[in-house]
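Residues per chain, in single letters:
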Amino acid sequence: ELLKVFLSLLFTIFGFLVTTVSLALTHERMPDYDPLPDIVLDNTPYQKWGLDASEYVLIVLTLLAIAVIVFHKHRFVVIRRVFLMLGLLYFYRAICFYVTVLPKADPAYYCSPQLNHTITFVELMQRCVKIISGGGLSINGQQVYCGDFIYSGHTMSIFLAFFIIREYSPRKFWYLHGVVLALAILGIIFLLIGRGHYTIDVIVAYFITSNTWWTYHTMAHTQVLHEHGEHNYLTNHWWFMGLYYFEANVPKRPLPREYNLPIPDSLATKVSELVNRRGSQRDGYQEIV
Amino acid sequence: KDRGAPIKINLPSEDGDGGGGGNRNNNNRRGGFRGLFSSNRCVGSDNIPHEPWKTLLSAIFLASGFVATTTSLAITHEHVPDIDPLPDVILDNVTYTEWGLDVSEILIMISTLTAVLVVMLHSHRLIILRRIWFLLGCLYYYRAVTMFITVLPKADPKYTCHPKLDNTTALPALVIAKRVLILISGMGLSINGKHIYCGDYIFSGHTMVLTMGYLVIKEYSPRRFFLLHWMSFFTSVIGVIMLLIARGHYSIDCLIGYYITTRLWYIYHTLAHSDSLKSRGRHNFLDKMWWWLIFRYFEKNIPGPLPRRYSIPLPRPLKRFFRRLYRNWWSSRRRRHQDQQQQQPTTVVVTTGGGGGGQHAAECHQS
């Protein structure tokens, strides 16, 4: 159902744009105080490379998650779900870091100077373009607008990637799951010792991401949770109609873990025919079709 | 079977009078006044076991959560940075009103008392209390963690905070214990002057209690009490608004408090109302909650949503006494009107032997 995929993609892009605008505006309001007292940040030695390391971990995990989705047989269903959740999480983020602005956690981090006048629309757009071109990562030097602390987008993306890999990759790849989990935790540790975020940002991000993921998937797997009623509080979520629409034609049970190449079906059959014929000729065995 | 115990047989009559108590099956189906005096043993009329010991465990969990949160606050107080309040979209754009916090706390008290009343009048109060205390305990534990890990500066520069100890080493345990006792005696409210330790910003306990109050009233009071539900809703909303205009909390504290309370409530109650979600499996991702096993222990014998039945929470002997009083009054009233009525209710009360009193004349009437 490509239309639904397209709609969910639009939703994510919209969420991303809202976050970007929110960040461009929040930057102006960021206070110039010392970093807040924080249990982890105050008791661990600062490592300048921490933030970059966590972003490399994030990139690796994201690529792995993309690979898992691309090779999944039901990739479009998975993509829809991921996009809906991403869009939602970005929205929440846009609201959270805008309402109350925390001071910089890392005094050594370069933040663009604040304007001393009210931001104009053109300047806002310029900032948005700059932020989007960086994709939210600092390693490319485009993340010069600060203030997006609660909650941590890095943690959200890292854990989302981990959940995707864990749920949609083959079950017997348990070693992969273990490695990915270790990487995720390492990424968070690097993030904290690089003072990319406060500890509260990380905790809140983990809580929101995991709750949304688990709630969404439990609803997608259970028919009875798609019906309004006294038994079902989960329809109170504001995104329930989105879930209902996207999952309308998906059978209400866990997606079977099946994989194939992301090529059109006709091409796939031709390729497999070729391979079969080649193989049978080599063995001297005539396959009767 | 039981020598000396009266056997009461009640046939359903026109005006539905069952005499108030003997026949458990019939009586408890009635709501309203008569239902308030129905007997309510450990196995309720809907065959839902009440299991009071689980409620006790839940109470202990809540108490420990409260101690954790107050300990966390006692320690956090020392680390509150001495800087100006953080920029906040609501706090910076509304006029500061000092009495807002008091109003908010009065609304909290009203909301909480109403919720307590609703729960105590519910037939399955032990189960509901168990749930609420467990959820509150979880929320208090979360709060203990979140306010401790990153400390925000005072949102209200005019709020008086107790001076810090200015000790570079760790706080002595005695000091912490004393602070915990003071905070517990104040129940978390500032209106009594006991909440003098600051730093408990993320997330807002006031918002959490207001939200919980509304959710409890909405879920456990009769469905048609629209006025009560709406009033409770507005109480909670106004309570949060008052809290914000008094700079009691930052906006992010209220947002997170609201989010976490509602999500936990929704998830717990959906799990409790659904059979399939009480089992582990790939269909059920909610079993990854850290408290899922505790939830299973508490809710495994509860089949689905609790039916809305209400009764007065009196001890059984007292209820039996009132029931007997009421039955005597009712049957004497009926005897007075016997001649005037065409049809008489069919009430067969047959008592066998034993224990003096309680011998009623059998009244049968063919209609």
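Analysis parameters
Residues numbered from 1 in each chain as written. Chains lettered and ligands numbered in written order. Predicted model: local features only at pLDDT ≥ 70, side-chain atom pairs only at ≥ 80, totals over all residues. Heavy atoms only, no water. Helix = DSSP H or I, 4+ residues; strand = E, 2+ residues; numbered from the N terminus. Buried < 20%, exposed > 50% of the residue type's maximum accessible area, 1.4 Å probe, protein only. Areas by Shrake-Rupley, 256 points an atom, 1.4 Å probe, with all protein chains shown as cover. Lys, Arg positive; Asp, Glu negative; His and termini not counted. Charge placed at Lys NZ, Arg CZ, Asp CG, Glu CD. Contact = heavy atoms within 4.5 Å. Expected span 1.5 Å × (residues − 1). Buried area = accessible area lost by both parts, 1.4 Å probe. Salt bridge = Lys/Arg side-chain N within 4 Å of Asp/Glu carboxyl O. Polar contact = N/O pair within 3.5 Å; in protein donor to acceptor, adjacent residues only side chain to side chain. Axes fitted to C-alpha atoms, helices over the stretch in contact; angles between N-to-C directions. Left-handed = near helix turned anticlockwise from the far one by under 90°. Nonpolar A, V, L, I, M, F, W, Y, C, P; charged D, E, K, R; others polar. Phe/Tyr/Trp six-rings, centres within 6.5 Å; stacked < 30°, edge-to-face > 60°. Lys NZ or Arg CZ within 6 Å of the ring centre and 35° of its normal. Core = buried A, V, L, I, M, F, W, Y, C linked by side-chain atoms within 4.5 Å.

(A) Quick peek at the overall build of chain A. Per the secondary structure count, chain A includes nine helices and zero strands. Shown N-terminal to C-terminal, the secondary structure of chain A runs as helices and strands in the order α-α-α-α-α-α-α-α-α. In chain A, buried positions account for 52% of the 289 residues. For chain A, the accessible area works out to roughly 14000 Å², and carbon and sulfur atoms hold 66% of it. On chain A, the mean spot of the 22 positive side-chain charges and the mean spot of the 21 negative ones are 9 Å from each other.

(B) Quick look at the overall build of chain B. Within chain B, the regular secondary structure consists of 11 helices and zero strands. Ordering the α and β elements of chain B from the N terminus gives α-α-α-α-α-α-α-α-α-α-α. Put simply, chain B has 367 residues, and 49% of those count as buried. A separation threshold of at least 6 residues defines the contact pool for chain B, and within that pool the share at least 24 residues apart is 79%. On chain B, roughly 18100 Å² of surface is accessible, and the fraction owed to carbon and sulfur atoms is 63%.

(C) Here's a closer look at helix 9 (residues 251–273) of chain B. Given a rise of 1.5 Å per residue, 23 residues ought to cover 33 Å, and the 33 Å separating the end C-alpha atoms of helix 9 of chain B matches this to within 8%. The element helix 9 of chain B is extensively covered by neighbouring structure, given that 21 of its 23 residues are classed as buried.

(D) A look at helix 5 (residues 125–149) of chain B. Here helix 5 of chain B is 25 residues long and its end C-alpha atoms lie 36 Å apart, about the 36 Å a rise of 1.5 Å per residue gives. Burial of helix 5 of chain B is extensive: 20 of the 25 residues sit out of reach of the surface.

(E) Main features of the interface of chain B and chain A. Taken residue by residue, the interface counts 45 residues in chain B and 47 residues in chain A. Note on chain B versus chain A: buried area summed over both sides is about 4100 Å², and carbon and sulfur give 69% of it. It is Ile149, Arg282 and Phe285 of chain B in chain B that bury the most area against chain A; as a group they hold 18% of the surface buried on that side. At the boundary of chain B and chain A, one finds zero salt bridges. Taken together, chain B and chain A are joined by 15 residue pairs in polar contact (both at pLDDT 80 or more).

(F) Here's a closer look at unusual backbone geometry. For the bond running from Ile150 of chain A to Tyr151 of chain A, omega is 0°, close enough to zero to count as cis. Of note, the amide linkage connecting Ile202 of chain B to Phe203 of chain B takes the cis form, showing an omega dihedral of 0°. Summarising the element assignment, Phe203 of chain B is placed in the loop between helix 6 (173–186) and helix 7 (205–220). The backbone phi angle of Arg195 of chain A is positive, close to 55°, even though this residue is not glycine.

(G) Here's a closer look at the pattern of salt bridges. All chains considered together, the criterion is met by 14 salt bridges over all chains. Bridged by salt links that share partners, the residues Glu1, Lys4 and Arg80 of chain A form one connected network.

(H) Inspection of the packing of helix 3 (residues 75–99) of chain A against helix 7 (residues 199–221) of chain A at higher detail. All names here are of chain A. Axis separation between helix 3 and helix 7 bottoms out at 11 Å; the angle between their running directions is 145°. Considering how the two elements wind past one another, helix 3 and helix 7 form a crossing that is right-handed. Contacts from Arg81, Leu84, Met85, Leu88, Leu89 and Tyr92 in helix 3 reach Ile208, Thr209, Thr212, Trp213, Tyr216, His217, Ala220 and His221 in helix 7. In terms of residue class, the contact of helix 3 with helix 7 is built from nine nonpolar, four polar and one charged.

(I) Just the packing of aromatic side chains, in detail. As enumerated under the stated definition, the model contains 41 aromatic pairs over all chains in all. Seen in terms of ring centroids, Phe16 of chain A and Tyr90 of chain A are 5.1 Å apart; in terms of plane orientation they differ by 70°. Their pairing is edge-to-face. Within this pair, whereas Phe16 of chain A is found in helix 1 (residues 2–29), its partner Tyr90 of chain A is found in helix 3, the two being separated by 74 residues in sequence. In this structure Phe16 of chain A comes out as partly exposed when scored by relative accessible area, which is 22%. With a centroid separation of 5.7 Å and an interplanar angle of 75°, the aromatic rings of Phe207 of chain A and Tyr142 of chain B are classed as edge-to-face. Within this pair, whereas Phe207 of chain A is found in helix 7, its partner Tyr142 of chain B is found in helix 5, the two belonging to separate chains. Tyr142 of chain B shares its class with Phe207 of chain A; the two are buried. Here Lys54 of chain B stacks its cationic end above the ring of Tyr297 of chain B, 4.6 Å away from the centre of that ring. Positioned above the aromatic ring of Phe285 of chain B is the side chain of Lys288 of chain B, whose terminal nitrogen or guanidinium carbon lies 5.3 Å from the ring centre.

(J) Summary view of the nonpolar core. In terms of nonpolar packing, the biggest core is built from 136 residues, with Ile150, Tyr151 and Trp213 of chain A together with Trp265 and Trp291 of chain B touching the most fellow members. Looking at this core element by element, the count peaks at 13 residues for helix 3 of chain A. In terms of nonpolar packing, the next biggest core, distinct from the first, is built from five residues, Leu23, Ile131, Val144 and Tyr145 of chain A among them.

(K) Structural detail: the environment of Ser138 of chain A. In this structure, Ser138 of chain A sits in the loop between helix 4 (121–134) and helix 5 (153–168). Sequence-distant contacts of Ser138 of chain A, defined by excluding residues within four places in its chain, comprise Leu51, Glu55, Tyr109 and Gln143 of chain A.

(L) Molecular detail of the environment of Thr270 of chain B. Residue and element names in this part refer to chain B. Checked against the element boundaries, Thr270 lands in helix 9. On the accessibility criterion, Thr270 (0% relative accessible area) is buried. In this structure the C-alpha to C-alpha distance between Thr270 and Pro305, which are 35 residues apart in sequence, comes to 9.0 Å. Of note is the side chain of Thr270, whose polar atom sits 2.7 Å from the backbone oxygen of Tyr266.

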